[in-house]
Amino acid sequence: MDFASLIGIVSGISLIISAIFLGGDMRSFVNVPGMMIVLGGTMAATLLTFTFREVAAAFRAAAFAFIKDREDPNTAVETMIRICNVGRKKGLLELGNLETDSGFLKKACGLIADGSEEEVVRAALRTEIDSLKMRHFIVQDVFKKMGAYAPAFGMLGTLIGLVQMLSKLADPSAIGPAMAVALLTTFYGSLLSSMLFLPIAGKLKARTVSEVMQLEIMLEGAISVLKGSNPMMVYESLSSFIPLRERIPLENMNVRQVDS
């Protein structure tokens, strides 16, 4: 898990639990029916909104986003400069033999090796990026919707609890505990939304921005390779995607060769 996520989860849960212990008994905040209303209602509404496959994909993407570190954009710049060197020294046809784990980069090099025009390469790769954005949008939207549904079902549980409380007005001693139970569902809904669902949606959005930047670097790099630009021009063009303080100088990059 990346360091920021670990700090956020541990500190958030620790502070909430500490506040509960300092203010009273932990058992007062446990209510199984309330949990069932919030969790069950949120999941039911989510499955009504999305397909089961989309929901499952969203949870897999969430686990992936929290576990895997972000890729360094300087690595993408370095890779494109190395590919540029291969194209200039061995010819663009050699790029068709490139071995890479990136399907996007493999497609870009294949289009270049096939002698495609710049407009064709740019259009094909832009379609890939737009499709990725749409897929990621659905994944993010799953958790955004869950972040909206959880408080709503928390309020619904509170209303149910209030109705049950009003039915016991003849017994004043039961009003206090019944009111506490009614409010717990709102607590559960707010907690799940603010500490889980919405932060996950934000994390996924940040990962999408990072991944799209990687693909944009590859796209512009592929166009530069197609035009026969020299490594310095490729570096200056692609490094513009990276904040100045995070850029690695060209002389510090390993750009002498590429596996092919």
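Note: the structure precedes this text.
Below: a short report on this structure. The shown structure was predicted, so the numbers you read here are calculated from the model rather than taken from an experiment.

**Topic: the packing of aromatic side chains**
Then comes step 1: Within this structure, the stated rule accounts for three aromatic pairs.
Then comes step 2: Here the aromatic rings of Phe29 and Phe187 are separated by 5.6 Å at their centres, their planes lie at 65 degrees, and the arrangement is edge-to-face. Of this pair, Phe29 sits in the loop between helix H1 (3–23) and helix H2 (32–49) while Phe187 sits in helix H7 (residues 175–227), and the two are 158 residues apart along the sequence.
Then comes step 3: Residue class for Phe29 comes out partly exposed when judged on its relative accessible area of 29%.
Then comes step 4: Their ring planes at 65 degrees and their centres at 5.2 Å tell us that Phe59 and Phe143 sit as a pair that is edge-to-face. Of the two residues, Phe59 is situated in helix H3 (residues 52–67) and Phe143 in helix H6 (residues 118–166); the sequence distance between them amounts to 84 residues.

**With respect to the pattern of salt bridges**
Then comes step 1: For the structure shown, the criterion picks out six salt bridges.
Then comes step 2: Glu220 is the salt-bridge partner of Arg122, the closest N and O atoms lying 3.2 Å from each other. Taken together, the residues Arg122 in helix H6 and Glu220 in helix H7 connect sequence positions 98 residues apart.
Then comes step 3: Among the residues examined, Arg122 registers a relative accessible area of 28% and is labelled partly exposed.
Then comes step 4: Looking at Glu220, the relative accessible area reads 21%, which means it is partly exposed.
Then comes step 5: Lys145 is the salt-bridge partner of Asp141, the closest N and O atoms lying 3.1 Å from each other. With Asp141 and Lys145 both in helix H6 and four residues apart, this pair spans about one turn of that helix.
Then comes step 6: Judged by relative accessible area, which is 15%, Asp141 ranks as buried.
Then comes step 7: By relative accessible area, which is 28% here, Lys145 ends up partly exposed.
Then comes step 8: Residues joined by salt bridges that share partners form a network here, namely Glu118, Arg122, Glu220 and Lys227.

Conventions we followed
Residues numbered from 1 in each chain as written. Predicted model: local features only at pLDDT ≥ 70, side-chain atom pairs only at ≥ 80, totals over all residues. Heavy atoms only, no water. Phe/Tyr/Trp six-rings, centres within 6.5 Å; stacked < 30°, edge-to-face > 60°. Helix = DSSP H or I, 4+ residues; strand = E, 2+ residues; numbered from the N terminus. Buried < 20%, exposed > 50% of the residue type's maximum accessible area, 1.4 Å probe, protein only. Salt bridge = Lys/Arg side-chain N within 4 Å of Asp/Glu carboxyl O.

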